[in-house]
Amino acid sequence: MIARIDVDESMGTLAAKYSLDPMKARGGLHNDKYWADLENELRDASIGVEVGQISRPFAYREVWSFIRVESRTPVDPADLSRFEPYIRSVLRTQQYKRVWAEFVAEHEARVEVQVNQDVLDGLSEDEAILYHGEFKQGTEVPVLAIDPGHFVTESQFRESMSHEAMSMGEASFTEILNSTIEVQREQLVLAYFAEKEGYFEDPEVLKLYEDEMDRVVLNAYLEEYIGAKIRFNRAEFVKFYEEHADEFRGAEEIRMSILTSADETVILAADARLKEGADFDYLRAEIEGRDVSVITESSTWSPVTVFSDEIVAVAAGLEPGESSGPIRFGTGWLIFRLDGRREGSVKPIEEVDGAIREALYVRKFSELLDEHLARLESVSVITRYEDRIRAWAESES
């Protein structure tokens with residue numbers, strides 16, 4: 001491919017026909033990217049490559065690739081003051097994560113945590129009920145243990161894994177399991193050393209513990225009387241998915257055919273001929289030196305989010321079959337024809353499984369909580385102590 005481009009064959013045409021890149025409909029053209037946002041493979045390949053030059057071939061996402069640098073924009077020192085707070089925040093977060101990871105690793109290296117692999121293997125058999133209340137029902141057999149007095153039981157581990165699942169969205173069962181192991185290992189080790197160093201008797205720690213007790217007891221109560229009753233079935237999943245299809249729909253998608261040239265005069269002449277009624281496919285074949293019989297409209301649908309703001313804005317004003325005017329990109333120019341427009345595709349139900357589970361859990365929890373509170377109110381007597389309420393309000397103001 002590089003050899004064909006070196007003899008003036010259009011890289012955009014080759015990319016549109018052969019590339020595996022999601023930008024193939026644009027001839028492989030990507031929008032400008034910040035250096036920090038480039039993946040390492042792309043960053044390494046672009047080092048030392050001048051504008052208009054092609055990189056060496058390199059391995060990228062299990063295939064071979066090469067890139068052409070279309071433009072480079074130098075850093076604008078005037079932007080530093082605007083980005084400085086964000087940069088400081090990022091650096092502070094990175095430093096905190098690094099120091100915390102070193103702190104945890106240093107403690108974990110000082111003690112051996114035994115893992116009961118048999119129990120972990122047994123958890124996989126319950127993958128289908130991960131988001132059901134019964135998943136949290138486990139034994140008191142240790143899953144992770146330091147010694148007979150410091151361990152995490154299967155029931156505790158299942159409880160933690162259930163919470164991890166709700167916070168990790170569409171992650172796989174294995175990813176959720178591994179994350180739970182790391183979380184529980186870290187908490188077990190740090191609690192072990194905290195106890196050894198006397199923090200469990202520290203007055204400030206005891207005060208925080210007492211303040212948390214009401215919340216913990218309430219959560220345990222709600223979990224026992226409400227969370228454990230929540231059940232899902234496949235029919236509910238499908239019904240929710242169908243009723244909320246638009247919430248799982250991606251951005252609008254378009255198909256376009258692209259005519260490219262590094263020569264502005266060629267593109268301007270092409271634009272004039274198109275306005276006079278010239279056939280886009282014939283004109284593109286003529287300019288790119290290809291057989292018109294193999295030039296057809298694009299069959300690739302792409303979400304508008306992959307295109308530049310300028311192209312999206314121009315496409316919004318076109319009807320299928322209409323062409324844009326000349327548009328600058330990198331060191332060259334392009335004209336595109338809008339071949340089609342449609343609503344964004346709805347993601348398959350498998351891809352939004354986690355989001356559906358979370359939404360159904362929240363909805364069912366709310367419904368069951370309302371029912372439970374109504375039952376409690378029907379058999380309860382509520383007394384308001386207005387003087388105490390006023391006294392508290394005055395102390396808070």
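Residues numbered from 1 in each chain as written. Predicted model: local features only at pLDDT ≥ 70, side-chain atom pairs only at ≥ 80, totals over all residues. Heavy atoms only, no water.

Asker: Would you explain the nonpolar core in this entry?
Answerer: Inside soluble globular proteins, nonpolar side chains tend to come together where they are buried. By size, the foremost hydrophobic cluster in this structure holds 35 residues, and its most contacted members are Leu130, Phe157, Met161 and Ile356. Listed by contribution, the elements that provide at least two residues to this core are α5 (117-123), β4 (142-147), α6 (154-167), α7 (173-196), α9 (234-243) and α13 (353-378). Sort the elements by how many residues they give to this core and α7 lands first, with 8 residues. If near-sequence neighbours (up to four positions away) are discounted, Met161 is found in contact with Leu123, Leu130, Phe135, Phe173, Ile176, Leu177 and Thr180. Ranked by size, the runner-up nonpolar core spans 16 residues in total, among them Met256, Ile258, Ala315 and Leu338. (Core = buried A, V, L, I, M, F, W, Y, C linked by side-chain atoms within 4.5 Å. Buried < 20%, exposed > 50% of the residue type's maximum accessible area, 1.4 Å probe, protein only. Helix = DSSP H or I, 4+ residues; strand = E, 2+ residues; numbered from the N terminus. Contact = heavy atoms within 4.5 Å.)

Asker: Is there a simple way to think about the packing of aromatic side chains in this case?
Answerer: Both the distance between ring centres and the angle between the ring planes are used here to describe each pair of aromatic rings. Using the criterion set out here, one finds 6 aromatic pairs in the structure. Where Tyr192 meets Phe193, the ring centres are 5.2 Å apart and the plane angle is 85 degrees; that geometry is what we call edge-to-face. Relative accessible area serves as the criterion here: at 12%, Tyr192 is assigned to the buried category. Classification of Phe193 by relative accessible area gives buried; the value is 7%. (Phe/Tyr/Trp six-rings, centres within 6.5 Å; stacked < 30°, edge-to-face > 60°.)

Asker: Would you mind showing me how to read the side chain of Asp271 here?
Answerer: For Asp271, the position within the fold is in helix α10 (residues 264-275). Asp271 sits in the buried class, given a relative accessible area of 10%. With sequence-adjacent residues up to four places away left out, Asp271 is seen in contact with Ser324, Gly325, Pro326 and Ile335.

Asker: What is the right way to look at the environment of Ala262 in this model?
Answerer: With respect to the helices, strands and loops of the structure, Ala262 is situated in the loop between β6 (253-261) and α10. Exposure remark for Ala262: the relative accessible area of 65% places this residue in the exposed category. The spatial distance from the C-alpha of Ala262 to the C-alpha of Gly330 is 9.3 Å, given a sequence separation of 68 residues. If we ignore the near neighbours within four places in the chain, the residues touching Ala262 are Thr331, Gly332 and Trp333.

Asker: Could you clarify how one ought to interpret a nonpolar patch on the surface in this entry?
Answerer: Among the surface-exposed residues, Leu80, Tyr86, Ile87 and Leu91 lie close enough to one another that they form a single nonpolar patch of about 420 Å² accessible area. Following the sequence through the fold, Leu80 ends up in helix α4 (residues 80-108). A relative accessible area of 51% means that Leu80 is categorised as exposed. (Patch = residues over 30% accessible without salt bridge, like charges linked within 9 Å, V, L, I, M, F, W, Y side chains within 5 Å. Areas by Shrake-Rupley, 256 points an atom, 1.4 Å probe, with all protein chains shown as cover. Salt bridge = Lys/Arg side-chain N within 4 Å of Asp/Glu carboxyl O.)

Asker: Sorry if this is basic, but what is going on with the packing of α10 against helix α11 (residues 280-288) here?
Answerer: Packed helices, taken two at a time, are described by the angle between their axes plus the distance between the axes. Where α10 meets α11, the axes come as close as 11 Å, and the angle between the chain directions of the two elements is 155 degrees. One element, α10, and the other, α11, form an angle in the roughly antiparallel class. Read as a crossing pair, α10 and α11 show a hand that is right-handed. Between α10, through Val266, Ala270, Arg273 and Leu274, and α11, the contact on the second element is made entirely by Phe280, Leu283, Glu286 and Ile287. For the contact of α10 with α11, a count of residues per class yields 6 nonpolar, no polar and 2 charged. (Axes fitted to C-alpha atoms, helices over the stretch in contact; angles between N-to-C directions. Parallel < 35°, antiparallel > 145°, perpendicular 65-115°, else oblique. Left-handed = near helix turned anticlockwise from the far one by under 90°. Nonpolar A, V, L, I, M, F, W, Y, C, P; charged D, E, K, R; others polar.)

Asker: How do you make sense of the pairing of strand β9 (residues 332-342) when you look at a structure like this?
Answerer: Sheet faces and side chains relate simply in a regular strand, where the side chains alternate between the two faces. The buried fraction of β9 amounts to 9 of the 11 residues, a majority that puts the element mostly inside the structure. As defined by bridge partners, β6 adjoins β9 across 9 bridges and the pair is classed as antiparallel. For Ile254, the partnering residue across the bridge sits in β9 and is Arg341. Summarising the sheet, strand β8 (residues 327-329) and β9 pair through 3 bridges and their orientation is antiparallel. Following the sheet pairing, Phe329 is matched in β9 by Gly332. Linkage of β8 to β9, two consecutive antiparallel strands, is achieved through a turn of 2 residues, within which Gly330 is found at a positive phi near 55 degrees. (Pairing = 2+ DSSP bridges.)

Asker: What should I look at first to understand the confidence of the model for the chain in this one?
Answerer: For residues with low pLDDT, the predicted coordinates do not support detailed interpretation. Considering every residue of the chain, the mean pLDDT works out to 87; 98% of them sit at 70 or more. The spread of mean pLDDT over the elements of the chain runs between helix α8 (residues 203-225), the lowest at 80, and strand β5 (residues 150-153), the highest at 96. (pLDDT = per-residue confidence, 0-100.)

Asker: Would you mind going over the packing of α9 against α13 with me for this structure?
Answerer: With their axes 10 Å apart at the nearest point, α9 and α13 run at an angle of 100 degrees to one another. Classified by the angle their axes make, α9 and α13 are roughly perpendicular. On the side of α9, the interface is formed by Glu236, Phe237, Phe240 and Tyr241, while α13 contributes Asp353, Ile356, Arg357, Ala359, Leu360, Arg363 and Lys364. Each residue belonging to the contact of α9 with α13 can be placed in one class, and the counts come to 6 nonpolar, no polar and 5 charged.

Asker: Just checking my understanding: could you explain helix α2 (residues 11-18) for this structure?
Answerer: Every α-helical turn comprises 3.6 residues, leaving residues that sit three or four positions apart pointing alike. Looking at α2, one finds that the buried residues are Met11, Gly12, Thr13, Leu14 and Ala15. Sitting at the amino-terminal end of α2 is Ser10, which places a side-chain oxygen 3.3 Å from the backbone nitrogen of Gly12. (Polar contact = N/O pair within 3.5 Å; in protein donor to acceptor, adjacent residues only side chain to side chain.)

Asker: Hey, could you run me through the pattern of salt bridges in this one?
Answerer: Any two side chains of opposite charge can pair, on the condition that their charged atoms come close. Counted by the stated rule, this structure contains 19 salt bridges. Arg158 is the partner of Asp126 in a salt bridge, and the nearest nitrogen-oxygen pair spans 2.8 Å. Placement of Asp126 in the loop between α5 and β4 and of Arg158 in helix α6 is noted, with a sequence separation of 32 residues between them. Look at Arg158 and you get buried, because its relative accessible area is 4%. Between Lys364 and Glu236 there is a salt bridge, with its nearest N and O atoms 2.8 Å apart. Of this pair, Lys364 sits in helix α13 while Glu236 sits in helix α9, placing them 128 residues apart in sequence. Judged by relative accessible area, which is 24%, Glu236 ranks as partly exposed.

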